[in-house]
Amino acid sequence: MEKRILVVDNHPLMLKWMTHLLEKEGYQVFTAEDGLSALDLLKMVTPDIIFTDLIMPKIDGEKFCQIIRKDPKLRNTLLVVLSAMIAEEKEKILKLGADFYIPKCSFNKMADHIRSVLAEADRRGEGLKRNELIGIEDANPREITKELFENRKHFEVILRSMEEGILEVTSQGRVIYCNPSAISLVGVPEEELLASNFFNLFHEADRERIKTLFSTMDPHRKVVNGEPPLRLNGKLVSLSLLPILDEDSQTAILLVNDVSERKEMEAKLLQAQKMEAIGRLAGGIAHDFNNILTVIKGYTQLSLIDLPMNDSLRKNLEEIQKATLKASTLTRQLLAISRHQVLDLKILDLNLLLKDMDKMFQRVIGEDIELVTVLGDHLGHIRADPGQIEQVLLNLTVNARDAMPSGGRLTIETSNRVIQKASIRNHGDIPPGRYVVLSVSDTGVGMTSEVKDRIFEPFFTTKEKGKGTGLGLSTVYGIVKQSGGDIRVESEVGKGTTFQIYFPQVEGPSEVEKEALAEMDLPSGNETILVVEDEEDVRKLAVKILGRQGFDALEASNAGEALLICEQWQEPIHLILIDVVMPQMSGPQLVNRLQRYRQGFEVLYMSGHPDDTVLHHGILKKGVNYIQKPFTAEELVRKVREVLNRSMKPSTPPIPQ
């Protein structure tokens, strides 16, 4: 059987001469004009010998040699480099892994050297000595070849050093060049990537888009951008095409960029903007709702106080009271979502808080779920509202329970963690620093990536109708963010979910809070109080509650009425209970005006607005008295009594600026 030889050279004259020479020697000759065509031919033919040039289009000889040497099917194929470059770059070329290197020279001399290689191959067979240079003495170095090679090497250094992935791809999608960044992005070895089909590197859903992009390339346009990004090797990448026309065919230079981190940051920004918009809406709803609830709660409580214990109406009123408590919880959730609630911040030890809640957790999750608590040693302290952190833990526990309908394991863990450097891949946008991490993990059903992307959105729920409002995780998100922390979630379908909450560590001793039992009897007094509130129902309720407890309550619906009362009232006014946000003039502005007419009164501000509005008016400054709507009759009179008791010592109440 005659031996087969493949000759690869982009010069037609060389191909014709080599074919004539080798066929005369009795060989079956196959030819290819470039590396890409040669690789296609090798899929159908396994030659005994390959002769290849080095400088040629569509995969050069250097890359072609590397691919040949890594192909197990061609391990016994003799590889011969036949190139004019050998005379100028002998040291570099001898590292290509070929068996023989023949410099291009006169046709007679080249023919002699080729015949000697063929004879050597026949004599030694598979045991042939490799990496041998033949005929270097007959080669005449040409400065133009050396100069071209140096330019090529210079541009190759530039392309190899670029962080952007660069590929050259034919109009049919065949890869004929790739720099190291492109190889890294694609995640395929160079010898496999070269000559592969670029379209097949992408998910099937994206292939048609890329094919369309190639088929609609306009050679007169400099750059064609392929947006939106595509998924490649687990990354989001953007593509830019630079069409290139030559005499025979059209190829494209592809610029490939990993935009995963940028897109993740954009998604976070979009989510933050969406949550902010929802927060503003929730805060506005909560304000109006709080005014209504204040009236319902107040009158219900007053009625319960006045009714005998055996009155038949008492049960009805108690049910109304329960409903208002649920409604108050809803407004607190709305304020938590909007991150606009007023927090009672304290320095806390999470471990102590968790120990106190252990029994509650077990009651919530039931007997078929195992509770594991792992408390970190020497845990740092955090600054947060203990009631709100309890709400976070309760919501996450309920969520975990619902994810394990057939039982499982719930693990609550605390630990210290130091983030040395911000990393979008590991910690998102959490800045460097020392943190206390609270982890809540379940072995439940897990979530898809689509569900995970939406879990913190208000009213989004995967539960059956009537089984959930979609506010639980939104509340968690709002509380954590308002507490200065951050939250991360990891989940896999069928394997469970882990929530990790990062709280910044703070210095200082923790405050162990114990709720004091409230006295059954409401405080009373005989001081004069001016109630300034534009909402009539709330104003009438406050006046009635205060009057019932012995206070002399005056009322004003706006700034003008309040100023008139302060001018005409001859007796002392001990306290002004005033709404923060009112038409015409805000509460703090009115207090400044009232102080021109009289001195010595205390001020208690009230508001149903979220605390960004309150902060805007300077209410939450240290020493300023404040009560949040909706309040109960008991909460109002206790707060009034507390403020009046402090006024026993001479002082001037601070006025927000």
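Residues numbered from 1 in each chain as written. Predicted model: local features only at pLDDT ≥ 70, side-chain atom pairs only at ≥ 80, totals over all residues. Heavy atoms only, no water.

Brief notes about the overall build of the protein
- Counting secondary structure elements, the protein contains 21 helices and 23 strands.
- Residues counted as buried form 48% of the 657 residues belonging to the protein.
- Expressed as a percentage of contacts within the protein between residues at least 6 apart in sequence, the contacts between residues at least 24 apart total 67%.
- Here the protein has roughly 33,900 Å² of accessible surface; of this, 51% comes from carbon and sulfur atoms. (Helix = DSSP H or I, 4+ residues; strand = E, 2+ residues; numbered from the N terminus. Buried < 20%, exposed > 50% of the residue type's maximum accessible area, 1.4 Å probe, protein only. Contact = heavy atoms within 4.5 Å. Areas by Shrake-Rupley, 256 points an atom, 1.4 Å probe, with all protein chains shown as cover.)

Regarding the pairing of strand β3 (residues 49-52)
- Side-chain alternation along β3 places Ile49 and Phe51 on one buried face and Ile50 and Thr52 on a second face that is also buried.
- Two elements, β3 and strand β4 (residues 78-83), share 4 bridges in a ladder whose sense is parallel. Bridge pairing in β4 links Phe51 to Val80.
- The β-α-β motif built from β3, the intervening helix α3 (residues 61-69) and the parallel element β4 has right-handed crossover chirality. (Pairing = 2+ DSSP bridges. Right-handed = clockwise from strand over helix to strand, strands pointing away.)

Some points on the nonpolar core
- Counting 53 residues, the largest nonpolar core has Leu6, Phe64, Leu167, Phe198 and Phe214 as its most contacted members.
- The dominant element in this core, judged by the number of residues it contributes, is helix α2 (residues 35-42), at 5 residues.
- Counting residues in each nonpolar core, the second largest holds 38 residues, with Ile369, Leu410, Val440 and Leu473 among its members. (Core = buried A, V, L, I, M, F, W, Y, C linked by side-chain atoms within 4.5 Å.)

Let's talk about the sheet that holds strand β23 (residues 626-628)
- One open sheet accounts for 5 strands, arranged β20-β19-β21-β22-β23; its pairing is parallel. The sheet is open, and its two borders are formed by β20 (552-556) and β23, each paired with just one other strand. Taking each pair of neighbouring strands and ignoring which way they run, the sheet shows an average axis angle of 20°.
- Helix α17 (residues 536-548) rests against β19 (528-532), β20 and β21 (575-579) of the sheet, and its axis sits at about 170° to β20.
- Each of β19, β21, β22 (602-607) and β23 touches helix α21 (residues 633-646); the most contacted strand, β22, lies at about 150° to it. (Axes fitted to C-alpha atoms, helices over the stretch in contact; angles between N-to-C directions.)

Regarding the sheet that holds β3
- Strands sit in the order β2-β1-β3-β4-β5-β6 across an open sheet of 6 strands; the sheet is parallel. For this open sheet the edge positions go to β2 (28-32) and β6 (132-133), each flanked by a neighbour on one side alone.
- Here helix α1 (residues 12-24) sits on the sheet and contacts β1 (4-8), β2, β3 and β4; the angle it forms with β2, its principal contact strand, is near 170°.
- Where α3 meets the sheet, it contacts β1, β3 and β4, and its direction lies at approximately 160° from that of β3.

Remarks on the side chain of Asn395
- Here Asn395 shows up in helix α13 (residues 386-402).
- Residue class for Asn395 comes out buried when judged on its relative accessible area of 12%.
- Here Gln391 takes part through its side chain, which lies 2.8 Å from a polar atom of the side chain of Asn395.
- Excluding residues that lie within four positions of it along the chain, Asn395 makes contacts with Gly472, Thr475 and Val476. (Polar contact = N/O pair within 3.5 Å; in protein donor to acceptor, adjacent residues only side chain to side chain.)

Quick look at the packing of aromatic side chains
- Applying the stated criterion across every chain yields a total of 5 aromatic pairs.
- When the centroid spacing of 4.9 Å and the interplanar angle of 50° are considered together, the rings of Trp17 and Phe107 count as tilted. One end of the pair, Trp17, is in helix α1; the other, Phe107, is in helix α5 (residues 107-124), with 90 residues separating them in the sequence.
- Judged by centre distance (6.0 Å) and plane angle (80°), the rings of Tyr435 and Tyr502 are edge-to-face. Of the two residues, Tyr435 is situated in strand β16 (residues 433-442) and Tyr502 in strand β18 (residues 496-504); the sequence distance between them amounts to 67 residues. Each member of the pair, Tyr435 as well as Tyr502, carries the same accessibility label: buried.
- Put simply, the rings of Phe456, Tyr477 and Phe499 pair up and form one aromatic cluster. (Phe/Tyr/Trp six-rings, centres within 6.5 Å; stacked < 30°, edge-to-face > 60°.)

A short note on the pattern of salt bridges
- Under the defined criterion, the tally for this structure stands at 27 salt bridges.
- Ionic pairing is found between Lys3 and Asp122, a salt bridge with its closest N-O pair at 3.2 Å. Of this pair, Lys3 sits in the segment before β1 while Asp122 is found in helix α5, placing the two residues 119 residues apart along the sequence.
- Overall, Asp122 belongs to the partly exposed group, its relative accessible area being 47%.
- A salt bridge links Lys43 to Asp40; the shortest N-O distance between them is 3.7 Å. (Salt bridge = Lys/Arg side-chain N within 4 Å of Asp/Glu carboxyl O.)

Points about the environment of Glu190
- Position of Glu190 among the secondary structure elements: in helix α8 (residues 190-193).
- The class of Glu190 is buried, set by a relative accessible area of 18%.
- Considering only alpha carbons, one finds Glu190 and Tyr177, 13 residues apart in sequence, at a separation of 9.1 Å.
- The contact partners of Glu190, leaving out residues within four places of it in the chain, are Lys63, Gln66, Cys178 and Ile183.

Details of α1
- With 13 residues, α1 extends 19 Å between its outermost C-alpha atoms, agreeing within 8% with the 18 Å of an ideal straight helix rising 1.5 Å per residue.
- All of the buried residues along α1 are Met14, Leu15, Trp17, Met18, Thr19, Leu21 and Leu22.
- Where α1 terminates, the next one or two residues include Gly26, which has phi positive at roughly 95°. (Expected span 1.5 Å × (residues − 1).)

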